[in-house]
Amino acid sequence: MAYITVISPFGRKKVELQEQNSIGRESGNRIQLQDRLVSKSHCTITLDENHMCFIEDRSSRNGTYVNNRLITVKTPLYTGDEIRIGNTLLLFEDNEHEAAQMVEIEDVDEGSYSSIMAPQSEMQFLSEDDIFSEKALRADYEKLRVTYELQNEMSLDRDIDKTLNRILARTFEFLEYDHGVILLAGKGGGMVPLSYKSRRKSEKLRLSSTLIRYVQENKTGVISTDMSSDQRFNSSESILLEGVKSTIAVPIMAETEILGMMILNSTEMTNAFTVKDLGLISTIANQAARIIKNSLLHEELRLMFDSSIRTLSATVDARHPLTAGHSERVNEISILIAQKLGLSENEIRVLKFATLMHDIGKIAVPDKILLKSGKFSPEERDVMDTHSIKTREILENFYFPLHLEQVPLIASSHHEKMDGTGYPQGLKGTEIPMVSRIIAVADMFDALTAKRDYPKYIDNTTLSFEPLPLSTAVSIITNGAGVWFDKDVVDAFIASLQEISDYIEGVRKKISGST
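Scoring rules and cut-offs
- Residues numbered from 1 in each chain as written.
- Predicted model: local features only at pLDDT ≥ 70, side-chain atom pairs only at ≥ 80, totals over all residues.
- Heavy atoms only, no water.
- Salt bridge = Lys/Arg side-chain N within 4 Å of Asp/Glu carboxyl O.
- Helix = DSSP H or I, 4+ residues; strand = E, 2+ residues; numbered from the N terminus.
- Buried < 20%, exposed > 50% of the residue type's maximum accessible area, 1.4 Å probe, protein only.
- Phe/Tyr/Trp six-rings, centres within 6.5 Å; stacked < 30°, edge-to-face > 60°.
- Lys NZ or Arg CZ within 6 Å of the ring centre and 35° of its normal.
- Expected span 1.5 Å × (residues − 1).
- Patch = residues over 30% accessible without salt bridge, like charges linked within 9 Å, V, L, I, M, F, W, Y side chains within 5 Å.
- Areas by Shrake-Rupley, 256 points an atom, 1.4 Å probe, with all protein chains shown as cover.
- Core = buried A, V, L, I, M, F, W, Y, C linked by side-chain atoms within 4.5 Å.
- Contact = heavy atoms within 4.5 Å.

**Q** When you look at the pattern of salt bridges in this model, what are you seeing that I'm missing?
**A** Working definition: two side chains of opposite charge can pair if their charged atoms are close together. Counted under the stated rule, the structure contains 13 salt bridges. Arg 310 is the salt-bridge partner of Glu 328, the closest N and O atoms lying 2.6 Å from each other. Separated by 18 residues along the polypeptide, Glu 328 in helix H6 (residues 326-341) and Arg 310 in helix H5 (residues 275-317) bring together distant segments of the chain. Residue classification places Arg 310 among the partly exposed residues on the basis of a relative accessible area of 30%. With a closest N to O distance of 3.1 Å, Glu 345 and Arg 349 form a salt bridge. Of this pair, Glu 345 and Arg 349 both sit in helix H7 (residues 345-356), separated by four residues, roughly a single helical turn. Judged by its relative accessible area of 32%, Arg 349 is partly exposed.

See the structure below:
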């Protein structure tokens, strides 16, 4: 089924979509949003007969955005899409057909299936003088139009899952097929289904391993049809499971490397696919190969960058035995709060790097101060407080991509306070980046609930060296709402408290189990 998850300051709510789903501020909408920036009747999500979902703006005041792009026409939705209207975030997911659950690859017995037919050299589209049917011309035009639009759409998306889902959804528009699946090569060389679509609700697809092996070994696209009566074909080359009339399969290749394959079939029609269709699908597969290859390279670089950041973060924390793991904990707690607030995927990526690096400036703090047991003198406190400035100076020497360019400012602002009494810049209220306001709460919570070799203190009150009880830590944070901390962030923190407690308990068990 298809769902949207509504994320607002009031929490998260998952809603199953029906054929018609009106969204707006008025109570008459199927999905009502208490958001003053949302129009009374803002947009509509519809589900068509092929189980495709579309969203359409209804001349709203502030517009409807899908993946940060303002939509002006009826727009298809794909799993993972982010819809933002007003201050509310909606996440779309369609888990009706999980590819791994809906696709089975089987070793079939010979003799009960139709045969394989490799395509001849690619057929060209007819010249103008050879066109006799306006209907055929319009059909060819429609295929070319959708293929062209799909290639443009694919070039805008780096997400592999979204790209694969988009390919199957758009090819549904011009090819008469009943099931479609895209498989990608796994680590062991086997093919793993990643995207699946069916015209029949909840119907599983059974694939022949013979077909998959043929495409892998020959590195060519094939059209296979019900040709059991044709003496030209050897029955030992069976590839179609019983009930399937026609299949088209193309490899997804980067030079000579097979990254995956795309398989479409029809259970209703023989000769459902033409060589023209094979050419169009091959073109789409070639474009997909470039995107997949680039995405895999991007993922490798991302993992290397993530690993380097985490290693550096852990190295800074490890300078003091009692702060080991602090930045990782602040990271996890901050993400839980951010999710409650409905931050976008990209905002959470920024938050992740900022939390992991928020204390990197402590590299510049001398050991005699950083490792001191007991309360800091005023002079020592001044030196310790310089770590925020040093954090920004160090991070500004990193190369961050455009979507992460605010990390240095955000990481260095986690000690700013809503009333302007924080440091290093004395920022006040909304001058403090929202992500920094989240880190401030998470950082304080971890400091209060972890052991330190200096006493915890609030204003002029000296507290314990040991972790404070959860209720005491929560009380200190809630009392600081609107003064030290952003009230909305504190509310989200309270709403996330169970998940945060479960996470902290899991960390403690892991530590005790390893000692």
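**Q** Just checking my understanding: could you explain the packing of aromatic side chains for this structure?
**A** Aromatic ring pairs are defined here through the distance separating the ring centres and the angle between the ring planes. For the coordinates displayed, the defined rule picks out three aromatic pairs. Sitting over the ring of Tyr 3, Lys 14 keeps its end group 4.7 Å from the ring centre. In this structure, Lys 352 packs its charged tip against the face of Phe 353, placed 5.0 Å from the ring centre.

**Q** I keep staring at helix H12 (residues 434-449) and nothing clicks. Help me out?
**A** Side chains three or four residues apart in an α-helix point the same way, a direct result of the helix having 3.6 residues per turn. Helix length check: H12 (16 residues) gives 23 Å between terminal C-alpha atoms against 22 Å at 1.5 Å per residue, within 8%. By the criterion of burial, H12 is predominantly enclosed, with 13 of the 16 residues buried.

**Q** What is the right way to read unusual backbone geometry from this model?
**A** Glycine aside, residues mostly have negative phi angles, and peptide bonds mostly take the trans form. In this model, Tyr 423 is joined to Pro 424 through a cis peptide bond whose omega is 15°. Along the polypeptide, Pro 424 turns up in the loop between helix H11 (407-412) and H12. Here Ser 59, not a glycine, exhibits a phi torsion of approximately 55°, which is positive. Structurally, the position occupied by Ser 59 is in the loop between strand E6 (53-57) and strand E7 (65-66). Positive phi, normally seen in glycine, also occurs at Glu 255, with a value near 55°.

**Q** Teacher, can you tell me more about a nonpolar patch on the surface here?
**A** Where nonpolar side chains cluster on the molecular surface, the patch consists of Leu 297, Leu 301 and Met 304 and spans about 320 Å² of accessible area. Residue placement: Leu 297 occurs in helix H5. The class of Leu 297 is partly exposed, set by a relative accessible area of 47%.

**Q** Would you explain the nonpolar core in this entry?
**A** Soluble globular proteins tend to bury their nonpolar side chains together. Core analysis: the biggest nonpolar cluster contains 45 residues, and Ile 337, Val 407, Ile 438, Val 441, Phe 445 and Phe 493 have the highest contact counts within it. Elements supplying a minimum of two residues to this core: H5, H6, H7, H11, H12, helix H13 (470-479), helix H14 (487-495) and helix H15 (497-514). Here this core gets eight residues from one element, more than from any other, and that element is H12. Those residues in contact with Ile 337 that sit more than four places away from it in its chain are Ile 438, Val 441, Val 489, Ala 492, Phe 493, Ser 496 and Ile 500. With 26 residues, the next largest nonpolar core counts Tyr 177, Val 250, Ala 285 and Ile 292 among its residues.

By themselves, these observations are geometric and do not establish any function.
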